[in-house]
Structure formats: structure tokens, C-alpha cells
Number of protein chains: 2
Amino acid sequence: MRETADRLMSREELEAALREIGATRYHHLHPFQTLLQDGRLNRAQVQAWALNRYYYQANIPVKDAYILARLGGVELRREWRQRILDHDGSDTERGGIEKWIALTDGVGLDRAFVESGHGILAGTRFAVDAYVHFVRERSLLEAIASSLTELFSPNVIGVRTRGMLAHYTFISKETLAYFDKRPVQAKRDSDFALDYCLEHATTAKEQAAVMDALRFKCQVLWAQLDALYYAYVEPGFIPPDAWRPGEAEAGGETR
Amino acid sequence: MRETADRLMSREELEAALREIGATRYHHLHPFQTLLQDGRLNRAQVQAWALNRYYYQANIPVKDAYILARLGGVELRREWRQRILDHDGSDTERGGIEKWIALTDGVGLDRAFVESGHGILAGTRFAVDAYVHFVRERSLLEAIASSLTELFSPNVIGVRTRGMLAHYTFISKETLAYFDKRPVQAKRDSDFALDYCLEHATTAKEQAAVMDALRFKCQVLWAQLDALYYAYVEPGFIPPDAWRPGEAEAGGETR
């Protein structure tokens with residue numbers, strides 16, 4: 001999967017190569033995503049998605065804090081910290097994590113259970129933890145490049161939000177409030193990260209590393225949907241200790 | 001999944017609790033394992049298993065080296081280093097990794113491709129890397145406890161080896177040589193690790209941590225088979241960049 005790092009690409013060529021990775025590997029192509037936005041999942045399957053993706057959301061500020069710690073200067077940190085503010089919110093503005101909890105509330109999951117992380121799929125945990133470890137252990141350039149999946153999210157969010165509102169009676173606009181601001185935030189964040197990568201990947205090897213980092217991040221998103229599909233759609237083998245439909249309903253048992 | 005750590009168990013109770021975790025969560029219960037040993041996989045599916053599990057095998061000495069670095073004394077290191085010798089071999093004796101390569105050779109996979117790690121499932125990589133990170137980051141007691149799945153491997157190896165030899169024309173005794181010594185080694189290693197854990201888990205909290213470490217490791221093994229099942233059995237959605245049947249046949253293209 002690693003490109004032959006033999007030729008330095010122009011800025012435009014590298015950007016085109018990164019967009020091509022998104023076009024062929026971003027999780028908008030995953031069958032679970034299609035089922036979700038076409039209204040072909042049942043409530044329990046949407047609950048499973050919301051529950052598992054909470055763990056991803058909850059770790060976004062963690063990975064961003066590791067990047068923040070490594071940026072090495074005031075200007076860059078001022079730029080990057082906005083991501084953490086967006087996710088963690090403030091006294092006056094709900095953050096992305098709180099809005100995601102509104103989503104899990106909206107689909108009827110017990111809040112304490114969701115926040116505990118119990119019942120998520122091991123595949124979710126391993127993929128998300130791999131992302132956090134990646135930004136700690138790889139070069140700063142690779143850590144920043146791994147955020148470039150946001151280049152591809154604005155369109156997907158629109159399609160998904162419209163599809164979910166149209167098809168699911170248990171989903172309201174308020175339930176999906178998380179996604180309202182994400183397209184604008186994602187565009188701002190990914191414009192910055194793309195510019196950083198195009199600027200700082202000055203050797204063929206670094207360009208290849210940037211591309212690999214984006215492929216890696218596509219795998220992080222893809223593997224989460226693989227695990228959901230396998231456990232809750234087809235063949236439907238739920239691993240030991242993972243959430244089962246009917247468990248942790250809001251107001252019910254939280255085990 | 002975390003036990004309520006409210007009561008100190010006796011040595012016998014803790015051992016029984018650990019064996020119960022294996023009885024209900026070890027990957028001998030996974031449907032992929034059943035298909036494999038009952039001869040119900042085709043050659044490409046067995047190749048996928050051998051290819052992906054190579055990545056696990058190749059990382060065993062890595063995780064053992066991290067444990068070795070943390071043991072803090074000559075006696076313990078003398079004991080634990082044997083695991084690394086077993087996997088890495090010597091000038092006169094083939095190690096486990098070399099024997100696993102004999103297995104991937106035996107099922108017709110290109111050796112350089114297998115060793116490159118290209119084409120393995122993201123689910124495999126994330127699960128195995130999670131294991132390596134676990135032994136680095138958790139307490140030494142938890143790191144050692146995570147090896148306790150070997151308590152349950154000797155029986156499984158016998159069933160699997162007999163089943164594979166009986167059912168697959170492309171599998172020979174030599175191909176499965178990896179498994180010849182594993183039951184004896186696994187018993188020796190897990191006897192030691194079990195004794196260490198029973199001795200050093202002296203609070204209810206530590207006992208709960210030991211049990212959680214074993215559950216975690218069961219998930220590491222289970223999630224690898226989930227990923228294989230999903231990609232190569234049912235529904236059979238192979239993720240982007242993962243190996244596809246027919247690729248990297250020995251003597252063929254290695255892409």
C-alpha cells in the first residue's frame with residue numbers, strides 16, 4: 001500500500017493524489033454508510049452506530065491534544081486548539097461530544113452507559129486507539145495528515161443527515177444537531193491541514209508518508225464500519241461483552 | 001465488562017474466574033475457527049488466515065521484549081526470555097516465526113509479500129498493535145495477565161491441527177510444524193504467568209485488573225477472526241488495500 005517514493009510531486013499533484021485516496025477509500029463507500037443513509041437500518045442498528053461512534057468522538061480531542069502538544073509554536077497551537085474547543089464546548093456553547101450525547105439520547109440509549117464505553121465493539125476500540133497512538137508516535141507531518149479525511153466529510157454529512165431525517169421516524173433534526181456545524185468546521189480545519197501538508201512535505205518520502213497517513217486514517221474509519229456491519233447487520237455475530245439490542249435503553253437497565 | 005472490585009478472591013477463586021473467562025470468550029468459540037478446523041474454508045480463506053495471523057506472530061516477540069524490559073530482575077527475565085527464543089529461533093533451531101513462514105509457504109503465498117505486512121486487514125493490524133500498546137502502557141501485572149490466553153490454547157491447537165490435516169489437501173504435517181511445540185511451550189509459559197498473577201494480584205482491584213487484561217486479550221484474538229470472517233467469508237466485503245484471493249501467490253506477482 002506504500003507508494004514508491006521515487007519522484008517529488010508538485011503541490012497540485014500531491015493534492016490530487018490525496019483527493020484520489022479519499023475518492024477510493026473514504027468510508028462514504030462502505031456498505032454500512034449506504035444502509036444508514038438510505039433508511040435501511042432498524043433502530044437497534046442505528047443505536048449500535050451511535051454508541052460505537054461516541055467512542056470515536058470522545059477521543060477526537062485526545063488525539064488533538066497530542067498534536068497540540070507537538071506543534072511547537074504559538075501560532076500553530078492557536079489554530080489547532082479550535083478543534084478542541086469545538087469538540088469540548090464551553091459554558092455557553094455545546095461542544096461536539098455533548099451534541100453526540102444528544103444523538104445517543106435521541107435514539108434512546110442510556111447516557112451513563114454510552115459514556116462508560118462499555119459495550120462498544122473491540123473493533124471500534126482498537127481502531128480509535130490506533131488513531132490516538134498514530135498521532136503520538138508518527139512524525140508531526142503524518143499526525144496532521146491523518147486529519148485530512150475531513151476534506152471528504154462535508155458532502156457525506158449532508159447526504160447522511162438528509163437521508164436519516166427522511167427515513168427514520170426516531171430521528172429528529174435536534175438529534176442530529178452534531179452535524180449542523182461540522183461541514184463548516186471540517187472545511188476550515190481541513191483547508192488548514194491540507195495547506196500545512198502541501199507546504200511541509202518537501203521530499204518524495206514525506207509526500208509518500210502523508211499519503212500513507214491519509215490511507216491509515218481511512219482504514220480507521222472503515223474498520224469501525226466493518227465491525228458494526230459484521231456484528232449488527234450480516235452475519236450478525238455480536239462478540240462477547242458487546243452491546244446487544246434492547247440493552248441500556250434510556251430509563252432501563254444499564255448493566 | 002469490568003467486574004465490581006469489591007471482594008478479595010482466594011487464589012482458587014481467581015483461577016476459576018480466569019478459566020471461566022477463557023471458557024466463554026476465547027477464540028475457540030469463534031465461527032471462523034470452527035470453519036477452519038472443520039475443513040469448511042477454501043484455500044483462499046485459509047491463505048487469508050495464514051497471511052493475517054503472520055502479523056500477530058511477528059509481533060509476539062515485540063510485546064515480549066516490552067515485558068522483558070519491565071520485569072526488573074534477572075530471575076524473571078531469564079524465565080520470560082525463553083518466549084523470545086522460542087519465537088525468534090537460533091542458528092540451529094527454527095523459531096515460531098520461521099515456522100509460520102513455512103505455513104504461508106505451504107499454502108502458496110509469496111514470502112516477501114507475507115513478511116511485508118502489506119495486504120493484511122486493518123482489523124488485524126489494529127488488534128495486534130493494541131496488544132503491543134497494552135503491554136507497554138498498562139501495569140506489569142496486567143501485561144503479564146494478558147498472556148494468559150495461552151492457558152486455553154493447547155486443546156485448541158490439537159483440534160485445529162487434526163482437523164486441518166484431515167480436511168485440506170493443501171495442508172501437510174510440515175506446513176503445520178509451527179503448532180508441534182506450541183502446546184508444551186504454551187503450558188510452560190502460562191503456568192508461570194498464572195502463578196505470577198495469582199501471587200501478585202493481592203487486592204480486589206488488582207484481581208479485577210488481571211481479569212480485565214485477560215478479557216482484553218480474548219478480544220484481541222476474537223477481533224482478528226471477526227475481521228477475517230467479514231472480509232473473506234460473509235458478507236465477504238474485502239476492504240480497500242487488503243489482500244484479494246489470487247494475489248501474491250508464491251512465484252507470482254507480489255504487487
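Computed from a predicted structure; not experimentally measured. (Residues numbered from 1 in each chain as written. Chains lettered and ligands numbered in written order. Predicted model: local features only at pLDDT ≥ 70, side-chain atom pairs only at ≥ 80, totals over all residues. Heavy atoms only, no water.)

Caption draft 1: Main features of the side chain of D241 of chain B. With respect to the secondary-structure elements, D241 of chain B resides in the segment after helix 11 (204-232). Of the polar contacts made by the side chain of D241 of chain B, one reaches the side chain of R25 of chain A; its length is 2.5 Å. (Helix = DSSP H or I, 4+ residues; strand = E, 2+ residues; numbered from the N terminus. Polar contact = N/O pair within 3.5 Å; in protein donor to acceptor, adjacent residues only side chain to side chain.)

Caption draft 2: Quick peek at the state of the cysteines. Residue and element names in this part refer to chain B. For the coordinates displayed, the defined rule picks out 0 disulfides over all chains. This cysteine, C197, is not joined by any disulfide, and C218 carries the nearest cysteine sulfur, 13 Å off. Take C197: its relative accessible area is 0%, and that puts it in the buried class. Looking at C218, the relative accessible area reads 2%, which means it is buried. (Disulfide = S-S within 2.5 Å. Buried < 20%, exposed > 50% of the residue type's maximum accessible area, 1.4 Å probe, protein only.)

Caption draft 3: Unusual backbone geometry, seen in detail. Following E234 of chain A, the chain continues to P235 of chain A via a peptide bond in cis, the omega torsion being 0°. Along the chain, the position of P235 of chain A falls in the segment after helix 11 (204-232). If you check the backbone angles, D241 of chain B has positive phi at about 75° while not being a glycine. Its relative accessible area of 18% is what places D241 of chain B among the buried residues. Here the phi dihedral of A248 of chain B falls at roughly 55°; this positive angle occurs in a residue that is not glycine. Structurally, A248 of chain B is set in the segment after helix 11. Judged by relative accessible area, which is 5%, A248 of chain B ranks as buried.

By themselves these figures say nothing about function.
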